[in-house]
Amino acid sequence: MTDSAAGRTPKRTPLYDEHVAAGARMIEFAGFAMPVEYSGIIAEHKTVRSAAGLFDLSHMGEFSVSGPGAAAFMEWAVTNKVANMKEGQARYAVICKPDGGIVDDVVVYRRADDFLIVANAANIEKDVAWLDYLRRSWPGEGGPPVNPEDVVIRDLSDETALIAIQGPRSEAVLARLTGADLSAVRPFRFVEDRVAGHRALISRTGYTGEDGFELYIAPEAAVPLWRALLEAGGPDGLVPVGLGARDTLRLEMRFPLYGNDIDETTTPLEAGLDFVVKFDKEGFVGKEALERQRDQGVPRRLVGFKLEGRGIPRQGYPLFAGGREVGRVTSGSMSPSLGEPVGMGYVEAACAEPGTLLEMEMRGRRIPARVVEGRFVER
Amino acid sequence: MYPEDLRYTKEHEWVRLENGRARVGITYYAQDELGDVVFVDLPRVGTNVQAGEAFAAVESVKAVSDVYAPVSGRIVEVNEELADRPELINEDPYGRGWIAVIEMDNPAEADELLDAAQYKALIEE
């Protein structure tokens with residue numbers, strides 16, 4: 001799967017022509033031709049924080065897990081508790097390998113007849129292969145306490161489009177197009193209803209730190225719904241937003257990005273995702289390794305930091321403390337909300353305390369940086 | 001978008017020749033490709049640079065782009081205004097968005113640079 005980017009024509013989402021017609025700058029991301037910006041990343045970012053933005057996230061993966069063994073299988077496959085979810089609930093979770101490394105971070109939706117897993121686009125094939133491998137494994141060989149025949153995994157990625165509306169005006173805009181009672185849909189809850197006449201799973205979730213909704217729809221509904229939303233939201237300032245602002249929005253919230261801040265070499269404990277690791281569960285893939293790490297202490301932690309000199313943190317830049325290299329930057333940018341350079345990176349656990357002074361090496365120079373607690377921007 | 005009185009490089013710098021000195025910036029095309037510029041890493045005045053050497057960096061929200069010296073010489077001036085207003089590179093790439101002035105070692109080096117028509121042909125390829 002290392003060849004996914006090279007030599008293949010990027011896939012197009014159903015909204016590709018809309019993006020091109022709107023003058024978006026298109027890039028290849030996770031094998032898809034995606035809009036990185038329309039009017040400019042900073043303007044789009046600020047519009048999401050102050051009004052609302054519309055995102056095409058149709059590249060993301062969706063898998064259905066159903067069958068009589070689905071709940072027990074899911075409980076085994078992810079670190080968070082999902083078997084106790086009620087229909088209409090969604091929950092953030094991590095899929096780990098037995099060594100605690102992160103296969104993917106996902107949102108799990110409990111529907112009437114199945115669990116819907118929403119996954120990172122770059123991980124679709126890997127996740128399906130991993131989940132199917134788990135399904136076929138028996139207890140004792142690392143598999144779930146479930147008969148493989150009792151679990152059905154289906155990849156719905158190609159038959160699912162995803163549009164997100166994010167920002168404080170989202171509910172008001174969406175309410176004009178649906179009869180669903182959106183005020184009753186609390187964060188991490190969803191309903192299935194119609195939007196502008198199209199069937200949609202309407203979920204109060206997102207990756208921006210703002211209030212907003214994600215709409216899972218059929219591919220043929222994508223263009224009419226995209227247009228209807230832009231028209232309905234025009235008076236509120238709704239604009240299309242690309243992946244560039246999606247990245248700065250999530251960075252300000254310190255949401256990790258798979259491939260940057262988390263991957264198979266990092267564990268959820270190192271990444272500060274302890275809240276989705278439920279050690280009181282009977283068993284799940286990675287439990288023993290993560291218990292060991294919890295008991296022995298994590299060797300490194302993902303921290304947020306602000307530069308105290310001029311520069312911009314970028315993935316891979318070394319981080320130093322007391323003149324010694326103690327880690328690397330995993331994500332960084334100029335925060336459009338703060339106008340300050342912010343970053344995330346792994347550092348040795350002893351250097352992870354908020355207030356710790358680090359130095360970041362940028363083009364041969366060391367720039368002071370301070371570990372900060374929590375989100376860069378409060379919402 | 002590509003003034004006739006400037007010279008250009010294949011790496012998308014522009015040069016304005018001013019009595020043996022070269023004022024340098026990045027072209028309209030370069031800033032448009034980068035998007036919102038949020039940081040300019042300026043060289044120090046007094047530094048000697050060789051033609052083709054990365055002597056400054058322009059960073060947008062998403063990307064870092066090196067700026068290469070179009071000619072050899074000594075940096076005699078840098079645009080300090082960019083420290084607080086890096087967006088000038090987007091707003092006025094050939095004016096207030098200039099980056100540095102190089103005192104040329106060999107003014108004949110400027111003859112090697114592209115003219116506006118050649119540069120336009122290059123980016124339209």
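Keep in mind it's a predicted model, so treat the numbers as computed, not measured. (Residues numbered from 1 in each chain as written. Chains lettered and ligands numbered in written order. Predicted model: local features only at pLDDT ≥ 70, side-chain atom pairs only at ≥ 80, totals over all residues. Heavy atoms only, no water.)

Asker: Hey, could you go over helix 2 (residues 41–50) of chain A for me, with residue numbers and the actual values?
Answerer: Considered for burial, the residues of helix 2 of chain A that qualify are Ile-41, Glu-44, His-45, Thr-47, Val-48 and Arg-49 of chain A. Elements that come into contact with the buried residues of helix 2 of chain A comprise strand 3 (32–37), strand 4 (53–56), strand 10 (161–166), strand 14 (239–240) and helix 7 (243–252) of chain A. (Buried < 20%, exposed > 50% of the residue type's maximum accessible area, 1.4 Å probe, protein only. Helix = DSSP H or I, 4+ residues; strand = E, 2+ residues; numbered from the N terminus. Contact = heavy atoms within 4.5 Å.)

Asker: So what's going on with the pairing of strand 19 (residues 357–362) of chain A? Residues and values would help.
Answerer: Residue and element names in this part refer to chain A. What you see with strand 19 is a clean split: Leu-358, Met-360 and Met-362 sit on the buried side and Leu-357, Glu-359 and Glu-361 on the side with no burial. Taken together, the two bridges between strand 16 (residues 318–321) and strand 19 define a ladder with antiparallel strand orientation. By the bridge assignment, Phe-320 is partnered in strand 19 with Glu-359. Inspection of the sheet shows strand 19 paired to strand 20 (residues 365–372) by six bridges, in the antiparallel sense. What sits directly across from Glu-359, in strand 20, is Pro-368. The turn joining strand 19 and strand 20, which pair antiparallel and follow one another in sequence, is formed by two residues; a positive phi near 45° is taken by Arg-363. (Pairing = 2+ DSSP bridges.)

Asker: Tell me about the sheet that holds strand 1 (residues 7–8) of chain B, and name the residues and values.
Answerer: All names here are of chain B. In space, the six strands of this open sheet follow the order 1-2-3-9-8-5, with antiparallel pairing throughout. Each edge of the sheet is formed by a strand with only one pairing partner; in this case those strands are strand 1 and strand 5 (48–49). Pairing of strand 3 (residues 21–26) with strand 9 (residues 100–104), which is carried by four bridges, proceeds in the antiparallel orientation. The residue bridging Arg-21 from the neighbouring strand is Glu-103, located in strand 9.

Asker: How would you explain unusual backbone geometry if you had to name every residue and give the values?
Answerer: Residues and elements named next belong to chain A. Positioned with a positive phi, Phe-188 is a non-glycine residue whose angle comes to about 60°. The phi dihedral of Arg-363 is positive, around 45°, even though this residue is not glycine. Following the sequence through the fold, Arg-363 ends up in the loop between strand 19 and strand 20. Classification of Arg-363 as partly exposed rests on a relative accessible area of 33%.

Asker: Let's hear about the sheet that holds strand 1 (residues 11–12) of chain A: which residues, and what values?
Answerer: Residue and element names in this part refer to chain A. Strand order in the open sheet formed by three strands is 1-3-2, and the pairing between neighbours is mixed. The open sheet is flanked by strand 1 and strand 2 (25–29), the only strands paired with a single partner. Of the pairings in the sheet, the one linking strand 2 to strand 3 comprises five bridges and is antiparallel in character. Considered in strand 3, the bridge of Arg-25 is made with Glu-37. Where helix 7 meets the sheet, its contacts fall on strand 2 and strand 3, and the angle it forms with strand 3 comes to roughly 70°. (Axes fitted to C-alpha atoms, helices over the stretch in contact; angles between N-to-C directions.)

Asker: Account for the interface of chain A and chain B, naming residues and giving values.
Answerer: Between chain A and chain B, the contact holds 20 residues from the first and 16 residues from the second. Taken together, the two surfaces of chain A and chain B that pack against each other cover about 1,400 Å², and 47% of this comes from carbon and sulfur. For the interface between chain A and chain B, the tally reads seven salt bridges. Two residues, Glu-59 of chain B and Arg-314 of chain A, come together in a salt bridge whose shortest N-O distance is 2.9 Å. For the side of chain A that touches chain B, the elements supplying multiple residues, two or more each, are strand 3, helix 2, helix 7 and strand 17 (324–335) of chain A. In terms of residue class, the side of chain A that touches chain B is built from eight nonpolar, five polar and seven charged. (Buried area = accessible area lost by both parts, 1.4 Å probe. Salt bridge = Lys/Arg side-chain N within 4 Å of Asp/Glu carboxyl O. Nonpolar A, V, L, I, M, F, W, Y, C, P; charged D, E, K, R; others polar.)

Asker: Can you tell me about the domain arrangement of chain A, naming the residues and giving the values?
Answerer: Residue and element names in this part refer to chain A. Taken domain by domain, chain A holds domain 1 (11–58 + 160–252) and domain 2 (61–158). Each of domain 1 and domain 2 was reduced to a C-alpha centroid, and the two centroids are 26 Å apart. The partner domain 2 presents 17 residues to the 15 residues of domain 1 that form the contact. Together domain 1 and domain 2 conceal approximately 1,300 Å² of surface at their shared face, both sides included; 57% is due to carbon and sulfur atoms. The three residues of domain 1 that bury the most area against domain 2 are Thr-160, Phe-188 and Phe-190, which together make up 44% of that side's buried surface. Among the salt bridges present, the one from Asp-158 reaches Lys-11, with a minimum N-O distance of 3.3 Å. (Domains from an automatic or database assignment.)

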